[in-house]
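Per-entry structural report
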Amino acid sequence: MKVRPLVSALAALAFAATLVASAPLPAQTAPVASTSTASDTLLPSGSLPLIRNSYGLSLNWSGYAVSTPDVTSVTGTFTVPEVGPPGSIGGLPPNVGAWVGIDGYTSGTVEQTGVGGSWDDATGTATYYAWWEMFPRSSSVIRSMAISAGDSITATVTYNGGASFTLSITDNTTGQSFTKTASAPTGGPNVAQRSSAEWVVERPATIYKGYITILPLATFDSSTFTDASFTANATTATLQDAVDNDNPYAGYPDTPPAQPYWEQMIMVDVDSNGSPYP
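None of these values were measured; they are calculated from a predicted model.

The predicted model of the chain has a mean per-residue pLDDT of 82, with 79% of residues at 70 or higher. Every residue in residues 1-47 is under pLDDT 50, and counting partners more than four places away or in other chains gives 150 contacts.

Here you go:
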């Protein structure tokens, strides 16, 4: 497995975006009130899904987002990246997730489904799994699906009306599939705004010793997204359509352009002075 010094980047505009392997990154933490990880537990409303740095750089997301009103569906097909050692950094398990979703780019919820992978030093093997999540509720593993590196996965999130969403994931290699209809919060700060569509490889977070903890990023090989599309304002478009025709956004701290616009995000870490490095 070819390992680069640090995190992955998406191949730019010709979208079958390939994410390249990275060496693991150290964990980042922020305090929370509860250590519970039950699937119906709400994570703190102040914990935003996307942790920005500057000009397209992020501590936990790498991929593309399209900001546009009234998103009603998003879909994408990708390969499950192969994960390698190590299996522990500072007592925490390195992990990587790949998913599609609605919201989270500019709002505090994410309606999402995808796959994850980690390495077990004790057995010398990788573990892969499918999952769904209605963030800020914590994620649920889909135990009825057996996922392997290299599998072709199609993930789709669809808005049904009200607070209801359907999350569907299919392993095109094995024929296994899973569909879940779930509701987003209906009040307070966590109402689903349906203001963006995303295709992301992520450095996931967990709750560890009472803290929201961004896990070290697992070592992984390439993963390619294809057939990426979304529906917004009753119009269906591909991600490539958005890249070709909508406004590009260079990223924070610049002021976003008028919607619709898109941004490419690249994961980075920060040094002891808080400066990003790729």
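Let us keep going from here.
To continue, consider the pattern of salt bridges. Counted by the stated rule, this structure contains two salt bridges. In this structure, arginine 52 and glutamate 263 form a salt bridge, with 3.2 Å as the shortest nitrogen-oxygen distance. Here the residue arginine 52 occupies a position in the loop between β2 (28-31) and β3 (57-58), and glutamate 263 occupies one in strand β21 (residues 261-267), the gap between them amounting to 211 residues. For arginine 52, a relative accessible area of 30% corresponds to the partly exposed category.

Of note, valine 110 is situated in strand β8 (residues 110-120). For valine 110, a relative accessible area of 1% corresponds to the buried category. Sequence separation between valine 110 and arginine 137 is 27 residues; the distance between their C-alpha atoms is 9.2 Å. When sequence neighbours within four positions are dropped, the list of residues in contact with valine 110 reads Pro49, Trp99, Ile102, Asp103, Gly104, Glu133, Met134, Phe135 and Glu198.

Further remarks concern the nonpolar core. With 45 residues, the main nonpolar core has Val74, Val115, Ile147, Trp199 and Phe230 as its most contacted residues. Setting aside its immediate chain neighbours within four residues, phenylalanine 230 contacts Val66, Thr68, Ser73, Val74, Ala197, Trp199, Thr235, Thr236, Ala237, Thr238 and Ala242. Leu50, Trp61, Trp99 and Phe135 belong to the second-largest nonpolar core, a separate cluster that totals 12 residues.

Turning to the pairing of strand β18 (residues 223-232), a few remarks are in order. Within β18, seven of the 10 residues are buried, which leaves the element mostly enclosed by the surrounding structure. Relative to β18, strand β5 (residues 71-79) runs antiparallel, the two sharing six bridges. Across the sheet, threonine 77 pairs through a bridge with threonine 226, a residue of β18. Pairing of β18 with strand β19 (residues 235-238) involves four bridges; the strand directions are antiparallel. Opposite alanine 232, over in β19, you have threonine 235 as the bridge partner.

In terms of burial, β21 is a largely internal element, five of the seven residues being buried. Where strand β4 (residues 61-67) and β21 come together, five bridges link them in antiparallel fashion. Across the sheet, residue tyrosine 64 finds its bridge partner in β21, namely glutamine 264. Here strand β20 (residues 247-248) runs beside β21; their pairing, made up of two bridges, is parallel. Pairing of proline 248 across the sheet is with tryptophan 262, part of β21.

With that out of the way, let us pick up the packing of aromatic side chains. Considering all chains together, one arrives at seven aromatic pairs under this definition. For the pair phenylalanine 78 and phenylalanine 225, a centre-to-centre distance of 5.1 Å together with 40° between the ring planes defines the contact as tilted. Highlighted residues: phenylalanine 78 in strand β5 and phenylalanine 225 in strand β18, separated in sequence by 147 residues. A ring pair is formed by tyrosine 249 and tyrosine 261, whose centres lie 5.5 Å apart and whose planes are at 75°; its orientation type is edge-to-face. Of this pair, tyrosine 249 sits in the loop between β20 and β21 while tyrosine 261 sits in strand β21, placing them 12 residues apart in sequence. With a relative accessible area of 9%, tyrosine 249 lands in the buried category. Grouping aromatic residues by their ring pairs yields a cluster made of Tyr105, Tyr249 and Tyr261. The aromatic ring of tyrosine 159 is capped on one face by arginine 194, whose charged end is 3.8 Å from the ring centroid.

Procedures and definitions
- Residues numbered from 1 in each chain as written.
- Predicted model: local features only at pLDDT ≥ 70, side-chain atom pairs only at ≥ 80, totals over all residues.
- Heavy atoms only, no water.
- pLDDT = per-residue confidence, 0-100.
- Contact = heavy atoms within 4.5 Å.
- Salt bridge = Lys/Arg side-chain N within 4 Å of Asp/Glu carboxyl O.
- Helix = DSSP H or I, 4+ residues; strand = E, 2+ residues; numbered from the N terminus.
- Buried < 20%, exposed > 50% of the residue type's maximum accessible area, 1.4 Å probe, protein only.
- Core = buried A, V, L, I, M, F, W, Y, C linked by side-chain atoms within 4.5 Å.
- Pairing = 2+ DSSP bridges.
- Phe/Tyr/Trp six-rings, centres within 6.5 Å; stacked < 30°, edge-to-face > 60°.
- Lys NZ or Arg CZ within 6 Å of the ring centre and 35° of its normal.

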